[in-house]
Amino acid sequence: MRLATTAFLLLALIAFPVAARQASDVVAPEANGPTTAPDGHQAGTAKSFMVVAAHPLAAEAGRAVLAEGGSAVDALVAVQLVLGLVEPQSSGLGGGGFLLHWSAEDGQLTSFDGRETAPAAAGPDLFLAPGGGPLPFFQAVVGGRSVGTPATLRLLEAAHRRQGRLPFARLAAPAIALAEGGFAVSPRLAHLIALEGDRLRHDPEAAAYFFDGASKPLAPGAILRNPAYAETLRRVVADGTDAFYEGEIAHDIVAKVRSDTANPGLLAESDLESYAVIEREPVCGPAFGYRVCGMGPPSSGPLAILQILALIEAKGFAALAPGSAAAWRLIGDASRLAFADRERWLGDPDRVDVPADGLIAPGYLAHRARLLDGPVLPGPVPSGTPGFDHGALRPLPGLGLTPELPSTTHVVIRDAAGNLLSYTGTIENGFGSRLMVHGFLLNNELTDFSFLPVDASGNAVANRVEGGKRPRSSMSPVIVFRDETPVLAIGSPGGSRIIGFVLQALIGRLAWGMTLQEALAAPHLLNRFGPFEVEAGTAATALAPDLGALGYKVEALDLNSGLAAIEIGPRGLIGAADPRREGTVAGD
Ligand code: GLY
């Protein structure tokens, strides 16, 4: 077996600039697109405050708030409201998100769960076709059926109430100004609109916004105005977020979802009225001498990352050459073990018993690590039986079917007072449900539930649809600590590949000695369920023969992460945005 070494990584970074990416997998439009930030600020340093976001206008809005003395949460409000306008395909008022927040003042790490919920009227058959099988993915996605209760504004409100310093009116001002004055459509947004074709014509309101008078997709640089979005924000500024969750806007959201004749949904005004953000305990574990913390269930992401990190460390990862086939084999099989547990055990912790502590308990992981002793795990990987510290699940939860295509956005912010946040926001698939109302797109988050409520063995799936329940997520906002001090905030979009993207960047930075920018740019190799996915057009494909010889099926494909990270070091802040997208670093 040929072992690649650190030289492989260096070669990868030098010889395969990530701008040389292949286009086009129409099935997953969010996975493609132009790759270079318009102003090229994909890395930078700062003295005391910094924001990294997926679009330069959003990063600048956050930077200006921080420069005025605003808190990290203040900046997040400004950033998310601008992202909902200039990167509307990824996140916005019609979606939700997870916020991991470190308060420097009281030394507390907390997380806010702003996940969309299933309408109260939804049941386990939501995504079943008449014959009992799962609906085709886009048949489920496009239209009202997939729309969960929007949560973004309630999340921002909850965090702002706790950590905000500047008034909401100030924080909404940049988005309102851009919506009224117009902004240039970015190359990536234009590319994604063009890939959408008929899907984005499902709703005449969305079609009128994203296509020009001649019904052509908006071109890069076209100036786009969104007065309806500005009006929505003005109402929220005047009357608080109740202006969104009650009254005309709520009514119109529900009408849009229910009156979709091709694919009507079940959302009701009472779902919006009763929506509540939940503050949750983050999940944490050790890795490479650091403490890695992230969003807990209903996200599956950080738990899976903690499992994988613990499993590889237990099996001598430190002794393996960075970037070698042997190292990737260990990462790949540990990932397969984690994904098997994820599929079995993860769901909304308020609706099913999720053994979060048990899944990362040292004894359980030591037991699972024994499965990594051979060369490569054969065949399908079984889930384990973690311990429960509360009511055990009986019978065993089933294995679901959740398509989970790439989507979403990630923001990291550090303010001058030392507060730090890592936030992943989403409307799920690129352009969500494709339904637009009051200037924003509605999510299709409900397709993050399992389409099948019961598995082949007759066991109910933990992540099945139920009224009021939150769909399982892979979003992985993470903050890393050393000696109780935060040193790194990171996350990425990418559906269930988020787990591998964030994991790989953590390994690159914390274990393999890459710089932050190198760790984000490094060619991707991912394993979720068996096949090794290697990033097409990069040096990662050079490992394909070695991985194939080990027994893996290898697939080369576009792996369009959108990593964003801030590192806090003795000499200040280092920021990096994934060169695969339009993300930008801005700071003092
Ligand atoms: N919708 C992306 C995720 O929650 O993982």
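Residues numbered from 1 in each chain as written. Predicted model: local features only at pLDDT ≥ 70, side-chain atom pairs only at ≥ 80, totals over all residues. Heavy atoms only, no water.

**Topic: the site of the ligand**
Stated precisely, the cut-off is as follows: Throughout this document, a residue counts as near a molecule or strand when at least one of its heavy atoms sits within 4 Å of that molecule or strand. A 3.5 Å cut-off defines polar contacts: any pair of N or O atoms within that distance qualifies, except that in protein one atom must be a possible hydrogen donor and the other a possible acceptor, and neighbouring residues in sequence count only when both atoms are side-chain atoms. Only the protein chains shown count as cover for residues, with accessible areas throughout obtained via the Shrake-Rupley method and a probe of 1.4 Å. The residue classification treats Ala, Val, Leu, Ile, Met, Phe, Trp, Tyr, Cys and Pro as nonpolar and Asp, Glu, Lys and Arg as charged. All others, Gly included, are polar.
Near the ligand the following residues occur: Arg115, Thr408, Thr426, Glu428, Glu445, Asp448, Ser473, Ser474 and Met475. The contact in question runs from an oxygen atom of the ligand to an N or O atom on the side chain of Ser473, over 2.6 Å. With the chains in place, 99% of the 200 Å² that the ligand exposes on its own is no longer accessible. Among the residues making up the shell around the ligand, the classes are represented as one nonpolar, four polar and four charged.

**Considering the confidence of the model for the protein chain**
What counts, and what does not: The pLDDT score gives, residue by residue, the confidence of the prediction method on a 0 to 100 scale. We call two residues in contact whenever any of their non-hydrogen atoms come within 4.5 Å of each other.
When pLDDT is averaged across the protein chain, the result is 91; 91% of the residues are at 70 or more. Confidence drops under a pLDDT of 50 for residues 1-39, and excluding neighbours within four residues, the segment shows 108 contacts in the predicted structure.

**A word on the pattern of salt bridges**
For clarity, the cut-off: Here, a salt bridge means any Lys or Arg side-chain nitrogen found within 4 Å of an Asp or Glu carboxyl oxygen. By the criteria applied, helices consist of DSSP H or I runs no shorter than four residues and strands consist of E runs no shorter than two, each listed in order from the N terminus. Relative accessible area decides the class of each residue, using a 1.4 Å probe on protein chains only: under 20% of the type maximum gives buried, over 50% gives exposed, and in between gives partly exposed.
Throughout the structure, instances matching the rule amount to 33 salt bridges. With a shortest N-O distance of 2.9 Å, Arg470 and Asp113 are connected by a salt bridge. Note that Arg470 is positioned in the loop between strand S13 (440-441) and strand S14 (478-482) and Asp113 in strand S4 (residues 108-114), a separation of 357 residues in sequence. Relative accessible area serves as the criterion here: at 0%, Asp113 is assigned to the buried category. A salt bridge links Lys553 to Glu555; its shortest N-O distance comes to 3.0 Å. Through salt bridges that share partners, Asp113, Arg280, Asp350 and Arg470 make up one connected network.

**Some thoughts on the state of the cysteines**
Definition in use: Note that a disulfide, as used here, is simply two cysteine sulfur atoms within 2.5 Å.
All told, the structure shown has one disulfide when counted by the stated rule. There is a disulfide in this structure between Cys284 and Cys293, and the S-S distance comes to 2.1 Å. Its S-S torsion of approximately 115° makes the covalent link between Cys284 and Cys293 right-handed.

**Some thoughts on the side chain of Arg154**
For Arg154, the location among the structural elements is in helix H5 (residues 152-163). When near neighbours in sequence (up to four residues on either side) are disregarded, Arg154 contacts Thr241, Asp242, Tyr245, Tyr275 and Val277.

**Quick word on the sheet that holds strand S9 (residues 290-294)**
As a reminder, the rule being used: Strand pairing is defined by DSSP finding a minimum of two bridges between the two strands. With axes taken as lines fitted to C-alpha atoms, and helix axes fitted only over the stretch in contact, angles between N-to-C directions fall between 0 and 180 degrees.
The strand order across the open sheet built from seven strands is S1-S20-S19-S15-S14-S9-S8, with neighbouring strands paired in antiparallel fashion. Both edges of this open sheet fall to strand S1 (43-46) and strand S8 (283-287), since each of them pairs with a single strand only. Strand-to-strand twist across the sheet, computed as the mean angle between neighbouring axes with direction ignored, equals 20°. This element, helix H13 (residues 301-314), spans S8, S9 and S14 of the sheet and lies at about 20° to S8. Where helix H17 (residues 498-511) meets the sheet, it contacts S9, S14, strand S15 (485-491) and strand S19 (564-569), and its direction lies at approximately 140° from that of S15.

**Points about the environment of Ala151**
Among the secondary structure elements, Ala151 is positioned in the loop between helix H4 (137-141) and H5. What makes Ala151 buried here is its relative accessible area of 0%. In this view, Ala151 contacts Gly95, Gly96, Gly114, Arg115, Glu116, Tyr245 and Tyr275; residues no more than four positions away in its chain are not counted.

**Digging into the side chain of Thr117**
In this fold, Thr117 is placed in the loop between S4 and H4. We classify Thr117 as buried; its relative accessible area is 9%. Those residues in contact with Thr117 that sit more than four places away from it in its chain are Gly148, Thr149, Tyr275, Leu446, Gly468, Lys469 and Arg470.

**Focus: the sheet that holds strand S2 (residues 50-53)**
Strand order in this open sheet of seven strands is S7-S4-S3-S11-S10-S2-S21, and the pairing throughout is antiparallel. Each end of this open sheet is capped by a strand with a single partner; those strands are strand S7 (278-280) and strand S21 (584-587). Sheet twist, expressed as the average angle between the axes of neighbouring strands with direction ignored, equals 15°. With three bridges joining them, S4 and S7 adopt antiparallel strand pairing. Residue pairing across strands places Asp113 opposite Ile278, the latter belonging to S7. Contacting S2, strand S10 (407-414) and S21, helix H2 (residues 56-67) crosses the sheet at an angle of about 160° to S2.

**So, helix H7 (residues 187-196)**
Within H7, seven of the 10 residues are buried, leaving the element largely enclosed by the surrounding structure. All of the buried residues along H7 are Arg188, Leu189, Ala190, Leu192, Ile193, Leu195 and Glu196. Turning to H7, the residues buried within the fold contact helix H3 (72-86) and helix H8 (204-210). Backbone geometry just after H7 places Gly197 at a positive phi near 55°.

**What to know about unusual backbone geometry**
The amide bond that connects Pro297 to the next residue, Pro298, takes the cis arrangement and shows omega of 20°. Backbone geometry at His438 places phi at a positive 50°, although glycine is not the residue there. Of note in this structure, Glu484 is not a glycine but carries a positive phi near 70°. Structurally, the position occupied by Glu484 is in the loop between S14 and S15. In this structure Glu484 comes out as exposed when scored by relative accessible area, which is 67%.

**A short note on the pairing of S15**
Here S15 lies mainly inside the structure; six of its seven residues are buried. Pairing between S14 and S15: five bridges, direction antiparallel. When the bridges of S15 are listed, Val478 appears paired with Ile490. Bridge analysis of S15 against S19 gives four bridges, and the strand direction is antiparallel. The residue bridging Ile490 from the neighbouring strand is Ala565, located in S19.

**A look at the packing of aromatic side chains**
Rules: Each pair of aromatic rings taken from Phe, Tyr and Trp, with Trp reduced to its six-membered ring, is defined by centres within 6.5 Å and is described as stacked if the planes are under 30 degrees apart, edge-to-face if over 60, and tilted in the remaining cases. Any Lys NZ or Arg CZ found within 6 Å of a ring centre and within 35 degrees of that ring's normal is scored as a charge over the ring.
Under the counting rule described, the total for this entry stands at 13 aromatic pairs. Relative to Trp512, the ring of Phe317 lies with its centre 5.8 Å away and its plane at 20°, an arrangement referred to as stacked. Here Trp512 lies in the loop between H17 and helix H18 (516-521) and Phe317 lies in the loop between H13 and helix H14 (325-345), a separation of 195 residues in the sequence. What makes Phe317 buried here is its relative accessible area of 2%. Centre to centre, the rings of Trp328 and Trp512 are 5.7 Å apart; their planes meet at 80°, and the pair counts as edge-to-face. Linking Trp328 in helix H14 with Trp512 in the loop between H17 and H18, this pair joins segments that are 184 residues apart in sequence. For Trp512, a relative accessible area of 13% corresponds to the buried category. In this structure an aromatic cluster arises from ring pairing among Phe127, Phe137, Phe138 and Phe451. Over the aromatic face of Phe211 sits the side chain of Arg201, whose NZ or CZ is 3.9 Å from the ring centroid.

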